[in-house]
Structure formats: C-alpha cells, structure tokens
Amino acid sequence: MSAHRNVWLAPVHVFRHPRADAERRAQELLVSLGVGDRALAMPHELSGGEAQRVRDCACARHRAAGAADGRADGLASIQLAAETWRRRFASWRPTGEPS
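Let me begin by describing the structure that accompanies this report. Residue positions are given per chain, counting from 1 as you read along its sequence in written order. Local features in this predicted model are restricted to residues whose pLDDT is 70 or higher, and side-chain atom pairs enter the listing and the counts only when it is 80 or higher, whereas totals over whole chains, interfaces and linings include all residues. Derived side-chain values reflect all non-hydrogen atoms in the structure, with water molecules and hydrogen atoms excluded from consideration.

Our next topic: the overall build of the protein. Strands here mean DSSP runs of E at least two residues long; helices mean DSSP runs of H or I at least four residues long; both are numbered from the N terminus. On a plain count of helices and strands, the protein comes out with 4 helices and 0 strands. Going from N to C terminus, the protein has its helices and strands arranged as α-α-α-α. Evaluated residue by residue, the protein yields a buried proportion of 39% over its 99 residues. In these tables, accessible area is a Shrake-Rupley quantity obtained with a 1.4 Å probe, and a residue counts as shielded only by the protein chains included in the view. For the protein, the accessible area works out to roughly 6,100 Å², and carbon and sulfur atoms hold 54% of it. Buried residues are those whose accessible area, probed at 1.4 Å on protein chains only, stays under 20% of the maximum for their type, while exposed residues exceed 50% and partly exposed ones sit between those limits.

Rendered as structure tokens:
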C-alpha cells in the first residue's frame, strides 16, 4: 500500500469521508511534512525518516477524521506534527551538499 493510500484509507473507510476529499487532504499533509514526492512509494522504499513522517501524517489524519467537530483537535495535531518536522530538519542538508 502506497504512502498516500496509507494516509487516506481510514478517513474513507472508517469515518466515511468522501474519497476525493480524503485523497486531497492526504497529499497536502504529505507535502507539509516534506514527503509529498514519496506519495506513491511503498513502505519498503521509504527511508526510516520518511516512513516516520508518513506515520505522523496517517496518525494526524486519522485523529482529524475522528475529531468530534471534524477539524479542531485533528487540525492542531497536523499543525504540530508539521511544525515539529520543520524545526527538526530546518538545518539538515543531504550529504555532499554545501551548507
């Protein structure tokens, strides 16, 4: 199952959200955590960090889908996850790239 599908599957099948909306939001989440380009990757194709960010997206999306009002608690979780990853990797550079 691709990273993208991993994020949108539960909101559609468990919480009965429209698939198109769930897919769009899943892609937005993946992009916000820096793994949008890996959306079609299978789990064994992801690095450890990429896999963790996909799990963060899936968890945040599932919380958002199940939140009582549909947005408040889950949106805060998504924003917190995105900000955490931005801070953690703000100064990171791939090996061999100039600082």
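Moving on, there is more to tell.
With respect to the helices, strands and loops of the structure, Glu-50 is situated in helix H3 (residues 48-66). Here a polar contact is taken to be a pair of N or O atoms separated by no more than 3.5 Å, where protein atoms must pair a possible hydrogen donor with a possible acceptor and residues adjacent in sequence count only if both atoms sit in side chains. At 3.3 Å, the side chain of Glu-50 and the side chain of Arg-38 are in polar contact.

Attention shifts here to the pattern of salt bridges. Here a salt bridge means any side-chain nitrogen of Lys or Arg lying within 4 Å of a carboxyl oxygen belonging to Asp or Glu. Per the stated rule, a full pass over the model turns up 5 salt bridges. Between Asp-21 and Arg-25 there is a salt bridge, with the nearest N and O atoms lying 3.3 Å from each other. Of this pair, Asp-21 and Arg-25 both sit in helix H2 (residues 19-32), separated by 4 residues, roughly a single helical turn. On the basis of relative accessibility, which here comes to 21%, the residue Asp-21 falls in the partly exposed class. Taking the shortest distance from any N to any O, the salt bridge between Glu-50 and Arg-38 comes out at 3.3 Å. Separated by 12 residues along the polypeptide, Glu-50 in helix H3 and Arg-38 in the loop between H2 and H3 bring together distant segments of the chain. Accessibility expressed as a relative area gives 17% for Glu-50, which makes it buried. Note on Arg-38: relative accessible area 24%, which makes it partly exposed.

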